[in-house]
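A closer look at the structure
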Amino acid sequence: MVRLVLEQQPYGMGSYAADPAYNFLQTYVGQVRWGGQLAFRYTHASYLVADGARTFIGSMSWTDTGLGANRELGLIDTDPRVASAGERVFNADWNQRKLHSAPNAVVVSPDGARARILSLIATAHKSIDIYTERLTDPAIIRALIASHDYGLQVRVVTPSDASLASVHRHHLQVNDRSPAVYGCQSHDRRRQDAA
Amino acid sequence: MLARRSAARGLLAAICVLSIISWAPQSTASSAAPPIQVVIEPDAGVTPLVNFIQGATHTLDGEIYAVSSNAVFGACKPPGAVM
């Protein structure tokens, strides 16, 4: 049995962008529902749990660009705790219920992801390497700046002008220095394709 | 004389045991699959995801922001279904 939760308005384009996939999956595959109706804004997750035992989780959408053009990273995990956590999240979203407590085996947004990321940053001892489409969260940027102040090497790869601007702005607010002078390396890789 | 024979038999037995141990199939170290496989795009392409979908035998639950890949649709649909 295949059950999928889809975002109804990907890329802010309205449901017409997702309707063909929804209709196909409903007709040929099994059960499909729209996500993001109650507990969160968008379904931006990308994961599958097979047989309640194996998990495919990654940054990629299941599009030609996501699976053949973009830089994306995914993991196939056979840890049953991860699969169980994925099923918990899935069942909450499938049934349009709030996830009252996020499972520990995975990081779930909006249910505590920021705190988990901040904790990861705080426990780094030597370096922090980040590859992200967007980095605009003030708390995370402040934590990265604090880590750099503490002597850690902090490197960010982002294709997003908004992320770079945000890093610049927060550096300026905190230290009145540009990132280049400050020492935080950021690589501006222009977006060439949609997600 | 008896002691010598006994010693010889003991030596022979030891050699036999050693030989049996030497010829016994080596116990293979448990080579369990690594718990995590990393998928890096665009190098990996659709194959890891398609294989994962097709490897499900009972249930497949998931969430996705956008799906439009024909390879994924093909992997999801039951055998014999015409798209």
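Residues numbered from 1 in each chain as written. Chains lettered and ligands numbered in written order. Predicted model: local features only at pLDDT ≥ 70, side-chain atom pairs only at ≥ 80, totals over all residues. Heavy atoms only, no water.

1. Focus on the environment of Gln8(A)
Note the threshold: Only runs of H or I of at least four residues qualify as helices and only runs of E of at least two qualify as strands under DSSP, and these elements are numbered from the N terminus.
Relative to the helices and strands, Gln8(A) resides in the loop between strand 1 (2-6) and helix 1 (19-29). In sequence terms Gln8(A) and Gly35(A) are 27 residues apart; their C-alpha atoms lie 6.9 Å from each other.

2. Regarding the packing of helix 3 (residues 113-122) of chain A against helix 4 (residues 138-149) of chain A
Pairs of packed helices are described in terms of their axes, by the angle between the two and the distance that separates them. Residues and elements named next belong to chain A. Operational definition: Every axis in this analysis is a line fitted to C-alpha atoms, fitted for helices over the stretch in contact. Angles between the N-to-C directions lie between 0 and 180 degrees. For classification, angles of less than 35 degrees are called roughly parallel, those exceeding 145 degrees roughly antiparallel, those between 65 and 115 degrees roughly perpendicular, and all remaining angles oblique. Contacts were defined at the residue level, with two residues in contact if any of their heavy atoms lie within 4.5 Å. As a working rule, the residues Ala, Val, Leu, Ile, Met, Phe, Trp, Tyr, Cys and Pro are called nonpolar, Asp, Glu, Lys and Arg charged, and the rest polar, with Gly in that last group.
Between helix 3 and helix 4, the shortest axis-to-axis distance is 10 Å and the interhelical angle comes to 5 degrees. Classified by the interaxial angle, the pair formed by helix 3 and helix 4 is roughly parallel. Across the interface between the two elements, Arg 114, Ile 117, Leu 118 and Ile 121 of helix 3 pack against Ala 139, Ile 140, Ala 143, Leu 144 and Ser 147 of helix 4. Partitioned by chemical class, the residues of the contact of helix 3 with helix 4 number seven nonpolar, one polar and one charged.

3. Looking at the sheet that holds strand 3 (residues 47-50) of chain A
Worth spelling out the cut-off: Here a strand pair is declared whenever DSSP counts at least two bridges between the two strands.
If you walk across this open sheet you meet the seven strands as 2(A)-1(A)-2(B)-3(A)-4(A)-5(A)-1(B), and the pairing is mixed. Two strands close off the open sheet at either side, each with one partner strand: strand 2 (31-34) of chain A together with strand 1 (36-41) of chain B. Neighbour to neighbour, the strand axes of the sheet diverge by 10 degrees on average, direction disregarded. Its contacts with the sheet put helix 2 (residues 47-55) of chain B on strand 3, strand 4 (54-58) and strand 5 (72-77) of chain A together with strand 1 and strand 2 (60-64) of chain B, and the angle it makes with strand 4 of chain A is roughly 150 degrees.

4. What about the packing of aromatic side chains?
Defined as follows: Pairs were defined over the aromatic rings of Phe, Tyr and Trp, the Trp ring being its six-membered one, requiring ring centres within 6.5 Å. Orientation was assigned from the angle between planes: stacked under 30 degrees, edge-to-face over 60, tilted for the rest. The rule is simple: take the accessible area with a 1.4 Å probe, protein chains only, and divide by the maximum for that residue type; under 20% is buried, over 50% is exposed, in between is partly exposed. The rule is short: NZ of Lys or CZ of Arg within 6 Å of the ring centre and within 35 degrees of the ring normal puts a charge over the ring.
Inspection of every chain in the model, using the stated rule, returns five aromatic pairs over all chains. Ring plane angle 65 degrees and centroid distance 5.7 Å describe the contact between Phe56(A) and Phe52(B), whose orientation is recorded as edge-to-face. One end of the pair, Phe56(A), is in strand 4; the other, Phe52(B), is in helix 2, on a second chain. Summarising the burial analysis for this pair, Phe56(A) and Phe52(B) share the class buried. Clustering of aromatic rings is evident, with ring pairs tying together Phe24(A), Tyr28(A) and Phe73(B). Its guanidinium or amino end placed over the ring of Trp94(A), Arg3(A) lies 5.3 Å from that ring's centre, counting from NZ or CZ. The lysine or arginine in question, Arg54(A), covers the ring of Phe52(B), its NZ or CZ lying 5.9 Å from the ring centre.

5. Some points on the interface of chain B and chain A
A common measure of how large an interface is: the accessible area buried when the components associate. Quick reminder of the rule: Here's the idea: put two parts together, see how much 1.4 Å probe accessible area each one loses, and the total over both is what we call buried area. A side-chain nitrogen of Lys or Arg and a carboxyl oxygen of Asp or Glu constitute a salt bridge if their distance falls within 4 Å. Pairs of N or O atoms within 3.5 Å make up the polar contacts considered here, provided that, within protein, one atom can donate a hydrogen while the other can accept it, and that residues adjacent in sequence are counted only when both atoms are side-chain atoms.
Contact residues are listed per partner, giving 39 residues for chain B and 51 residues for chain A. Between chain B and chain A, the buried area comes to about 4100 Å², and carbon and sulfur atoms account for 60% of it. Its largest share of buried area at the contact with chain A, chain B owes to Asp61(B), Glu63(B) and Tyr65(B), together 24% of the area lost on that side. Summed over the shared surface of chain B and chain A, the result is two salt bridges. Inspection of the chain B/chain A interface yields 24 residue pairs in polar contact (both at pLDDT 80 or more). Looking at the side of chain B that touches chain A, the elements that each hand over two or more residues are strand 1, helix 2, strand 2 and helix 3 (70-76) of chain B. No other element matches the six residues that strand 1 of chain B contributes to the side of chain B that touches chain A. Its residues assigned to classes, the side of chain B that touches chain A comprises 25 nonpolar, nine polar and five charged. Relative to strand 2 of chain B, strand 1 of chain A runs parallel, the two sharing five bridges. Opposite Val2(A), over in strand 2 of chain B, you have Leu60(B) as the bridge partner.

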